[in-house]
Amino acid sequence: MTEINARIDAGESAPKYYRVRTELAAIIDDLDEGDPVPAERDLAVRFEVSRETVRQAVHELLVEGRIARRGRGTVVASPKLTQPLSLRSYTEGAVSQGRVPGRELVTFEDVPADAEVAADLGLSVGSAVIHLERVLLADGQKIGLESTYLPARRFASMARSFDPGTSLYAAIRATGVTFDSATERIETVLASPREAALLDSTTAMPMLLLNRISLDTDAVPIERVRSIYRGDRVAFLATLRE
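Residues numbered from 1 in each chain as written. Predicted model: local features only at pLDDT ≥ 70, side-chain atom pairs only at ≥ 80, totals over all residues. Heavy atoms only, no water.

**Some thoughts on the sheet that holds strand S6 (residues 141-151)**
Alright, step 1. The six strands are arranged S4-S5-S6-S9-S8-S7 in an open sheet whose pairing can be described as antiparallel. Here the strands that pair on one side only, and so sit at the sheet edges, are strand S4 (101-112) and strand S7 (179-190). Across the sheet, the axes of successive neighbouring strands diverge by a mean angle of 15°, strand direction being ignored. (Pairing = 2+ DSSP bridges. Helix = DSSP H or I, 4+ residues; strand = E, 2+ residues; numbered from the N terminus. Axes fitted to C-alpha atoms, helices over the stretch in contact; angles between N-to-C directions.)

**Some points on the nonpolar core**
Alright, step 1. Formed by 17 residues in total, the largest nonpolar core has its most connected members in Leu-24, Ile-28, Phe-47, Val-54, Val-58, Leu-61 and Ile-67.
Alright, step 2. Elements with a minimum of two residues in this core: helix H2 (16-29), helix H3 (40-47) and helix H4 (51-64).
Alright, step 3. Not counting residues up to four positions away in its chain, the partners in contact with Leu-61 are Arg-21, Leu-24, Ala-25, Ile-28, Arg-66 and Ile-67.
Alright, step 4. If you look at the next biggest cluster of nonpolar residues, it comprises 14 residues, including Ile-130, Phe-162, Leu-168 and Val-177. (Core = buried A, V, L, I, M, F, W, Y, C linked by side-chain atoms within 4.5 Å. Buried < 20%, exposed > 50% of the residue type's maximum accessible area, 1.4 Å probe, protein only. Contact = heavy atoms within 4.5 Å.)

**Examining the environment of Gly-98**
Alright, step 1. Inspection of the secondary structure puts Gly-98 in the loop between helix H5 (90-96) and S4.
Alright, step 2. Owing to a relative accessible area of 62%, Gly-98 belongs among the exposed residues under this scheme.
Alright, step 3. For the pair formed by Gly-98 and Arg-194, sequence separation is 96 residues and the distance between their alpha carbons is 30 Å.

**Observations regarding the pattern of salt bridges**
Alright, step 1. A complete count under the given rule lists 17 salt bridges for this structure.
Alright, step 2. Ionic pairing is found between Arg-224 and Glu-116, a salt bridge with its closest N-O pair at 2.8 Å. Residue Arg-224 is found in strand S9 (residues 221-230), and its partner Glu-116 is found in helix H6 (residues 115-121); the two are separated by 108 residues along the sequence.
Alright, step 3. A salt bridge links Glu-195 to Arg-226; the nearest nitrogen and oxygen atoms lie 2.8 Å apart. Taken together, the positions of Glu-195 in helix H9 (residues 193-198) and Arg-226 in strand S9 put the pair 31 residues apart, joining distant regions of the chain.
Alright, step 4. What emerges from the salt-bridge pattern is a single network uniting Arg-21, Glu-60 and Glu-64. (Salt bridge = Lys/Arg side-chain N within 4 Å of Asp/Glu carboxyl O.)

**Some words on the packing of H2 against H4**
Alright, step 1. Two numbers describe how H2 lies on H4: the axes approach to 8 Å, and their chain directions differ by 55°. The angle between H2 and H4 falls in the class oblique. The handedness of the crossing between H2 and H4 comes out as right-handed. Between H2 and H4, the contacting residues are Lys-16, Tyr-17, Tyr-18, Val-20, Arg-21, Leu-24, Ala-25 and Ile-28 on the first element and Thr-53, Gln-56, Ala-57, Val-58, Glu-60, Leu-61 and Glu-64 on the second. (Parallel < 35°, antiparallel > 145°, perpendicular 65-115°, else oblique. Left-handed = near helix turned anticlockwise from the far one by under 90°.)

**Notes on the pairing of strand S3 (residues 81-84)**
Alright, step 1. Residues of S3 alternate between two faces, with Leu-81 and Gln-83 buried on one and Thr-82 and Pro-84 left unburied on the opposite face.
Alright, step 2. Bridge count for S3 against strand S10 (residues 234-237) is four bridges, and the pairing is parallel. Within S10, the position partnered with Gln-83 by the bridge is Phe-236.

Quick look at the structure:
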């Protein structure tokens, strides 16, 4: 029995797919970003396990963002984009890590506020709000889908001049508004079919959902944001102080 298989068979408490995943992760550690990962059939032979066992191990590494699909093959993935939980914009967070931010416009229109949006923005139901929806990219990779609502009356000038391919927070600050605080809720979800299609993902891939309400220095709501990020491509970092 090979050394690898001896390690796989050792410790009956761990599922076999998990032990295969551990060995495969060790192989990936010795590869560079973009290098091909051995095919499932080759891994099944190497570890003397079934293709299904290998497939489950590969799926876990895909979800973790260690590897990525490319065409019919699998390669070592680029590092996750680590976004700080702060009042900095997505653009600032990406640039600080040497990544190139990008955006693909999905929706940019005035709509009437429903009860939930109106309550979050301190408006009357039916008030005009700007709805901006964009796919967020880092180095050309789709990482998230951001849906933002802004009071149309407050940001009327921006509605006429804002370039959806640029930083929204920079545009808001350019109107004289200052961000002061935000309440943010983070949870894991599965994407809807529409969201999965926009993010080139699947409905089985875990996502990170962020809901944020930002306030200015007078405690007046600035925005309501719902962002969904690919869990295999994005992580969040918080710095806590007493």
